[in-house]
Amino acid sequence: MVQEARSLDTDILILGAGGAGLFAALHAHQASPDLSITVAVKGLLGKCGCTRMVQGGYNVALAAEDSIERHFMDTIEGGKWLPDQELAWKLVTLAVERIKELENELGCFFDRNPDGTIHQKAFAGQTFDRTVHKGDLTGIEIMNRLAEQVWARDINRLEEYRAVELIKSGDSVAGVLFIDMRSGEYVFVRARAVLLATGGGPTMYKYHTPSGDKSCDGLAMALRAGLPLRDMEMVQFHPTGLLAGTHTRMTGTVLEEGLRGAGGHLLNGAKERFMPRYDPLAERATRDFVSRAMFLELQKAPSPHGGLYISMAHLGPERVAREFKGMVERCADCGFDLAGGLVEVVPTAHYMMGGVEFAADCSTALPGLFVAGEDSGGVHGANRLGGNGVANSTVFGAVAGDAMAAWVRSQGLRAPDRAAIQAAIEQCEKPFTNSNRIDLEALREQLYETMWQKVGIVRDAAGLESALADLRGIETALASGALPDMQRAFNLTWHDWLNLVSLTQVSKVIATAALARRDSRGAHYRADFPDAGSLEQSAYSSYRHGAVAMKPVAFTRVRPGQSLLKNAA
Ligand SMILES: Cc1cc2nc3c(=O)[nH]c(=O)nc-3n(C[C@H](O)[C@H](O)[C@H](O)COP(=O)(O)OP(=O)(O)OC[C@H]3O[C@@H](n4cnc5c(N)ncnc54)[C@H](O)[C@@H]3O)c2cc1C
């Protein structure tokens, strides 16, 4: 029997409650307090997503010796000349406003220097120590304050609501179909503007850092809606994922960048420091360099669990324990002594630079649909600097909130395509109507291995072709597979099936874009095309309807070989 969807109406619908979603809600509400604003989230508001997991901190040019030009140049050079320069400029300029708003209006306490100025620490790949933080658990401070502010306002919350499809009305967005996870009921929420802020999340890799609620649902919905996705081959691996064995979900979780920034050393299985052999910046090189060097060392001399080591003891155990309290406790929970001993680590999939193409006001090619945060693509190019992620989600979340409040003034609610709602429900119902029992665990493991081995840190054409064949097989198995439990309410196996569907669809895009890029830039390394290619001819990948187009990067502010810094050589 085909299920029916219950309907709700709102003016602005925000998908996701991370830094992007909550900033959008607060800004839209501030711009027009009379609007009906609804935040719909797969988890609990304030308790899910990756903004809460931010450890290291937030990049912003505050110090007198620093400048937004310097932050911009670090972002462009770190991104290997692939970032959209107007988006990157917006990031670095508005980060200054947002950090002040976080502190002065929203109530965040960041660490300070003895003279009262905000303390800013070193992060890899940057020419200035500009990372604002609250110890090494910055995201909890930001999310707690944002959530309190949202709770204090007349903003609707739909918690444990999973968005499953963008529903159109002609060429515009009409609303979103959800599963109310608590009851299993389908709900269609009609809106005059919709924000996609579900935070990407490369959880299709064997080792990964993001929270389990992130399974690329937003990107998969955008893909099915026919929106262009850019830079999808650019998946960032964080060098220091904790390697604590296969029995624990702690494996893959991140040990923050500040450890390397503060002077931590990486050692191979023979306990020798190797990074100076690969890059003059050694452990402070960008994440792509460090992860690749680690990958190569892993082949030669792995640690007992198949990883490498991070060593901090030479900095003084007391200092490490004081400055990295959260990290020291996390390692101790898994039996490691970070302050005085060695901790096993492995590169871990951390962040997707790619995402939905968008304009500087966060609008997309689908009228009424806006995007912000890790679901969007173009700000970071081939590599995201540590500390630019939460800056990105808060800056563009706020931009989207302002833009949506302005947009809805001239827009009515639109009649949805009812057939599309029914088709989406039928798709979600497949595992209840199919008869072929499948082993989801085995399919997930297959996805993890395929992505880690063939679409990971080092790629080549043969591996990518083989990965695409594997992914098509996984997709077919999912599409014809049945689940054992027919319950709809809180059926987590069903949601696992839905997660795998999204992850497999997006994995295919990553592999296809990686096959199309025949050079090596930033996070994307092709063993069969190891050169970066001409920076002047830089092109970004744009995936739409199964095909990839390479489009020239517009150097609107600075060209390769130039700098915005006055004293640059
Ligand atoms: C361990 C870790 C440490 C990090 N440390 C740093 C750091 O120090 N500095 C830095 O700049 N960046 C860091 N990052 C990156 C940073 O967290 C992200 O770039 C940023 O927070 C993303 O914000 P967002 O709002 O786009 O997504 P998120 O904060 O991840 O929020 C996504 C939201 O979407 C919801 N959602 C997902 N799917 C659906 C769906 N189908 N329907 C409805 N809701 C959905 C989720 O539940 C969640 O609420 C770190 C990331 C991780 C994982």
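Quick caveat: nothing in here was measured; it's all calculated off a predicted structure.

Caption draft 1: Structural view of the site of the ligand. In the neighbourhood of the ligand, 40 residues make up the surrounding shell, with Cys50, Thr51, Gly57, Asp213 and Lys214 lying closest. Within the backbone of glycine 56, a nitrogen or oxygen atom sits 2.9 Å from an oxygen atom of the ligand. Surface burial for the ligand is 99%, taken as the share of its 1,000 Å² of free accessible area covered by protein chains. Secondary structure elements with two or more residues in the shell around the ligand: helix H1 (19–31), strand S2 (37–41), strand S7 (161–169), strand S14 (342–352) and helix H10 (388–407). Among the elements that take part in the shell around the ligand, H10 stands out by supplying four residues, more than any other.

Caption draft 2: Layout of empty space enclosed by the protein. Applying the stated criterion to the full structure yields three cavities of 30 Å³ or more. Space inside the second largest cavity adds up to approximately 70 Å³. Of all the secondary structure elements, the ones that give two or more residues to the lining of the second largest cavity are strand S11 (235–242) and helix H7 (287–300). In terms of residues, the lining of the second largest cavity owes the most to one element, H7, which gives four residues. Its residues assigned to classes, the lining of the second largest cavity comprises four nonpolar, three polar and three charged.

Caption draft 3: Local environment of the pattern of salt bridges. Tallied over the full model, the rule gives 37 salt bridges. The salt bridge partner of aspartate 66 is arginine 130, with a shortest N-O separation of 2.9 Å. Linking aspartate 66 in the loop between strand S3 (58–59) and helix H2 (68–78) with arginine 130 in the loop between strand S4 (120–121) and strand S5 (131–132), this pair joins segments that are 64 residues apart in sequence. The same class applies to aspartate 66 as to arginine 130, namely buried. Linked through salt bridges whose partners overlap, the residues forming this network are Lys42, Arg162 and Asp217.

Caption draft 4: Quick peek at the confidence of the model for the protein chain. Residues with a pLDDT of 70 or more make up 99% of the protein chain, whose mean pLDDT is 95. When mean pLDDT is taken per element in the protein chain, strand S16 (residues 369–371) scores highest with 99 and helix H6 (residues 258–261) scores lowest with 88.

Caption draft 5: Spatial organisation of the packing of aromatic side chains. Using the criterion set out here, one finds eleven aromatic pairs in the structure. Their ring planes at 85 degrees and their centres at 5.0 Å tell us that tyrosine 207 and tryptophan 452 sit as a pair that is edge-to-face. Linking tyrosine 207 in the loop between strand S9 (185–196) and helix H5 (217–224) with tryptophan 452 in helix H12 (residues 440–454), this pair joins segments that are 245 residues apart in sequence. Considered together, tyrosine 207 and tryptophan 452 belong to a single accessibility category, that of buried residues. Three or more aromatic residues link up through ring pairs in this structure, and these residues are Tyr205, Tyr207, Phe237 and Trp452.

Caption draft 6: Molecular detail of the sheet that holds strand S12 (residues 265–267). The antiparallel open sheet is built from four strands, whose spatial order is S11-S14-S13-S12. Each edge of the open sheet is held by one strand with a lone partner, namely S11 and S12. Along the sheet, successive strands turn relative to each other by an average axial angle of 45 degrees, direction set aside. Relative to S14, strand S13 (residues 308–311) is paired through four bridges, and the arrangement is antiparallel.

Caption draft 7: Spotlight on helix H11 (residues 418–433). The end-to-end C-alpha distance of H11, which contains 16 residues, comes to 21 Å, matching closely the 22 Å that a straight helix rising 1.5 Å per residue would cover. Within H11, the axis deviates most sharply at glutamine 427, by approximately 35 degrees, and proline proline 431 lies no more than four positions further along. By the burial criterion, the buried members of H11 are Ile421, Ala424, Ile425, Cys428, Glu429, Pro431 and Phe432. Each element contacted by the buried residues of H11 is listed here: S7, strand S8 (172–180), S9, strand S18 (481–482) and helix H14 (492–516). You can read the cap of H11 off the contacts: a side-chain oxygen lies 3.1 Å from the backbone nitrogen of alanine 419, and it is on aspartate 417.

Caption draft 8: Spatial organisation of H12. In a regular helix each residue adds 1.5 Å, so 15 residues correspond to 21 Å; H12 covers 21 Å between its end C-alpha atoms and thus fits that length. Buried residues of H12: Leu440, Leu443, Arg444, Leu447, Tyr448, Thr450, Met451 and Trp452, and no others. Looking at the buried side of H12, the elements it contacts are S11, S14, helix H13 (461–480) and H14.

Caption draft 9: Spatial organisation of the sheet that holds strand S20 (residues 547–552). Spatially, four strands are ordered S15-S10-S19-S20 in an open sheet, and the strand pairing comes out antiparallel. With one partner strand each, in any of the chains shown, strand S15 (355–356) and S20 form the two edges of the open sheet. Here strand S10 (residues 229–230) runs beside strand S19 (residues 539–544); their pairing, made up of two bridges, is antiparallel. Bridge pairing in S19 places arginine 230 opposite serine 542.

How each quantity is defined
- Residues numbered from 1 in each chain as written.
- Predicted model: local features only at pLDDT ≥ 70, side-chain atom pairs only at ≥ 80, totals over all residues.
- Heavy atoms only, no water.
- Near = heavy atom within 4 Å.
- Polar contact = N/O pair within 3.5 Å; in protein donor to acceptor, adjacent residues only side chain to side chain.
- Areas by Shrake-Rupley, 256 points an atom, 1.4 Å probe, with all protein chains shown as cover.
- Helix = DSSP H or I, 4+ residues; strand = E, 2+ residues; numbered from the N terminus.
- 1 Å grid on protein atoms, 1.4 Å probe; cavity = no way out; pocket = protein on both sides within 12 Å on 5 of 7 lines; lining within 4 Å.
- Points joined across faces, edges and corners; volume = space filled by probe spheres on them.
- Nonpolar A, V, L, I, M, F, W, Y, C, P; charged D, E, K, R; others polar.
- Salt bridge = Lys/Arg side-chain N within 4 Å of Asp/Glu carboxyl O.
- Buried < 20%, exposed > 50% of the residue type's maximum accessible area, 1.4 Å probe, protein only.
- pLDDT = per-residue confidence, 0-100.
- Phe/Tyr/Trp six-rings, centres within 6.5 Å; stacked < 30°, edge-to-face > 60°.
- Pairing = 2+ DSSP bridges.
- Axes fitted to C-alpha atoms, helices over the stretch in contact; angles between N-to-C directions.
- Expected span 1.5 Å × (residues − 1).
- Bend = angle between axes of the 7 residues up to and from the residue.
- Contact = heavy atoms within 4.5 Å.

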